[in-house]
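Structural features, examined
Chain by chain, the residues:
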Amino acid sequence: MGHVFRTEEQQMAVDALKRFLDAEIDPLFNKEYRDRFVPREVMAGVMQRLTEFGLVTGVVGEAHGGMGLDWLTTLMLYEEVVATSSDLSVPVLINSFGAHLLERLAPAPLRERYLPGLLRGEQFVSIGISEPDVGSNVLEIKTRARRDGDHWVINGEKTWISNGSYSDFLICTCRTGDDPRRGLTHILIDRHEHGYEVRDIHKIALNSQSTAQIFLSDVRVPIANTIAGEGEALKNTLSLFERSRVFVAAQGLGVARRALEEAVRYAKDRRQHGKVIAGHQLIAAMLAEMATSVDAARLLTYRAAEMIEAGVPAEMEAAMAKYFACESAVKIARQAVQVHGGNGVTREFLVEKLAREAIVMPIPEGTTQVQQLIIGRALTGVAAF
Ligand SMILES: Cc1cc2nc3c(=O)[nH]c(=O)nc-3n(C[C@H](O)[C@H](O)[C@H](O)COP(=O)(O)OP(=O)(O)OC[C@H]3O[C@@H](n4cnc5c(N)ncnc54)[C@H](O)[C@@H]3O)c2cc1C
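Residues numbered from 1 in each chain as written. Predicted model: local features only at pLDDT ≥ 70, side-chain atom pairs only at ≥ 80, totals over all residues. Heavy atoms only, no water.

Okay, the packing of helix 2 (residues 40–52) against helix 4 (residues 86–105) next. Two elements in contact, helix 2 and helix 4, have axes separated by 11 Å at closest approach and are oriented at 65°. Crossing of helix 2 over helix 4 shows right-handed handedness. When helix 2 is examined against helix 4, the residues Met43, Val46, Met47 and Leu50 are found in contact with a partner set consisting of Leu88, Pro91, Val92 and Asn95. (Axes fitted to C-alpha atoms, helices over the stretch in contact; angles between N-to-C directions. Helix = DSSP H or I, 4+ residues; strand = E, 2+ residues; numbered from the N terminus. Left-handed = near helix turned anticlockwise from the far one by under 90°. Contact = heavy atoms within 4.5 Å.)

Here it is, written out as structure tokens:
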């Protein structure tokens, strides 16, 4: 499935990672910590191992201490992580994009101070955009940073923040001016130096990692912690979304692929009406539909990654990949439950967990509806937001 696109080098990298994931991560996340919160030190230990395979390190150039892999290779590795554990894929995603953002946009002193800890897998970053009243429309961000001498004083609340309770620092999108397009600024808030309060959110799935509310109350941060200059955050967030959406597409793809694998395994084993259920035409049809959607999701996702690697604008293609892969994950995970019959809704089988995880996928990094709006605007030149 899709292997025809891999070079020998990519295949070796994927195989080495998969051996590690199957041996150590699958039992840890899908049995020992299934639906249970993974403590920070355990998560950090896993992240440290993953950085050796090119996760997080892959998106940063060698000049800044990373491995400098291309986007497609990084995405292939990432798909393996997701197919093993969506929970684990979240800190990998957020630390990767925190690292990418620091490398691309942070002034040298900030980059030199905060990037190495992410590349070693020892530190966690959070990226704070969403707020209780601000989801799909980032232009409405209310968290306010006001200048006070050589400091920012920050007040506000962020919500749905991945890595929240693990985080050592937060890259916070703050309102520093009233101009809708030039009024947002990225500011790095060090949790140990400047402090912020964190409260975890319990969800339908993905509870082995942290999604949290973050409360900022008169937090004083040096102006030197500004990333990429005042008023630059909207432009930079939108360009970051183009890349991070391809990774969220790979989250949908990974969940869908694992659901298909579980369904195929079960269909070859379970017997009804005198033969394995794989021998019933309606089951075969369901598996065929699932497999075709998984491959279509992969092709859209790889295409967007290739375009990003080539430096070609890929806003619409990234939106298509995210939209299709994440909606397919919901459908395919449900079909995998159906193939399992009653067993599919028990905690004894992984498809129950996959179905809950799939439901989450069409929400972060721009909902399905937001992706449709982006695609519509690209097709017609008319914004329907
Ligand atoms: C597991 C998880 C992890 C997350 N991690 C992070 C993170 O690390 N950092 C971060 O900042 N955020 C994070 N988020 C937040 C995520 O980005 C938002 O949930 C998402 O952008 C949607 O915002 P909302 O939840 O406020 O929904 P809303 O924007 O309130 O949308 C509600 C519904 O209305 C629809 N809608 C909204 N506007 C329109 C429109 N113009 N036209 C048609 N339909 C519309 C939406 O599609 C949706 O169906 C995370 C969310 C989840 C679930």
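Mapped onto the elements, Ala13 comes out in helix 1 (residues 8–32). Looking at Ala13, the relative accessible area reads 27%, which means it is partly exposed. Between the C-alpha atom of Ala13 and that of Leu118, which follows or precedes it by 105 residues, the distance is 21 Å. (Buried < 20%, exposed > 50% of the residue type's maximum accessible area, 1.4 Å probe, protein only.)

Right, let's get into the site of the ligand. The immediate surroundings of the ligand are formed by 17 residues, with Ser130, Ser136, Trp160, Thr367 and Gln369 found nearest. One of the backbone nitrogen or oxygen atoms of Ile127 is found 2.8 Å away from a nitrogen atom of the ligand. One of the side-chain nitrogen or oxygen atoms of Ser130 is found 2.7 Å away from a nitrogen atom of the ligand. Notes on the ligand: free accessible area 960 Å², of which the protein chains cover 66%. Contributions of two or more residues to the shell around the ligand are made by strand 1 (125–128), strand 3 (151–162) and helix 10 (368–380). (Near = heavy atom within 4 Å. Polar contact = N/O pair within 3.5 Å; in protein donor to acceptor, adjacent residues only side chain to side chain. Areas by Shrake-Rupley, 256 points an atom, 1.4 Å probe, with all protein chains shown as cover.)

Within the largest apolar cluster, 100 residues are counted, with the highest numbers of intra-cluster contacts made by Leu50, Leu88, Leu102 and Ile227. Looking at this core, the element that brings in the most residues is helix 6 (residues 233–269), giving 17 residues. When neighbours within four sequence positions are excluded, Leu88 is seen to be in contact with Ile25, Phe29, Met43, Val46, Met47, Leu50 and Val81. (Core = buried A, V, L, I, M, F, W, Y, C linked by side-chain atoms within 4.5 Å.)

Despite not being glycine, Val56 shows a phi value in the positive range, around 70°. Since its relative accessible area comes to 2%, Val56 is described here as buried. One non-glycine residue with positive phi stands out, namely Asn163, at about 70°. Summarising the element assignment, Asn163 is placed in the loop between strand 3 and strand 4 (169–175).

Summed over all chains, the structure comprises 9 aromatic pairs. Taking the centre distance of 5.7 Å and the plane angle of 90° together, the rings of Tyr266 and Phe349 count as edge-to-face. Within this pair, whereas Tyr266 is found in helix 6, its partner Phe349 is found in the loop between helix 8 (315–340) and helix 9 (350–360), the two being separated by 83 residues in sequence. Note on Tyr266: relative accessible area 9%, which makes it buried. Taken together, the ring pairs in this structure connect Trp71, Tyr78, Phe97 and Phe247 into an aromatic cluster. Taking NZ or CZ as reference, Arg147 lies 4.9 Å from the ring centre of Trp152, over its face. (Phe/Tyr/Trp six-rings, centres within 6.5 Å; stacked < 30°, edge-to-face > 60°. Lys NZ or Arg CZ within 6 Å of the ring centre and 35° of its normal.)

Right, let's talk about the pairing of strand 4 for a bit. Counting buried residues along strand 4, 7 of its 7 residues qualify, which places the element largely inside the surrounding structure. Residues Phe169, Ile171, Thr173 and Arg175 of strand 4 are buried on one face, and the alternating residues Leu170, Cys172 and Cys174, pointing to the opposite face, are buried as well. Sheet topology places strand 1 next to strand 4; 4 bridges connect them, and they run parallel. Residue pairing in the sheet places Ile127 in a bridge with Ile171 of strand 4. One ladder, built from 7 bridges, connects strand 4 with strand 5 (residues 184–190); its direction is antiparallel. Counted as the bridge partner of Phe169 is Asp190 from strand 5. (Pairing = 2+ DSSP bridges.)

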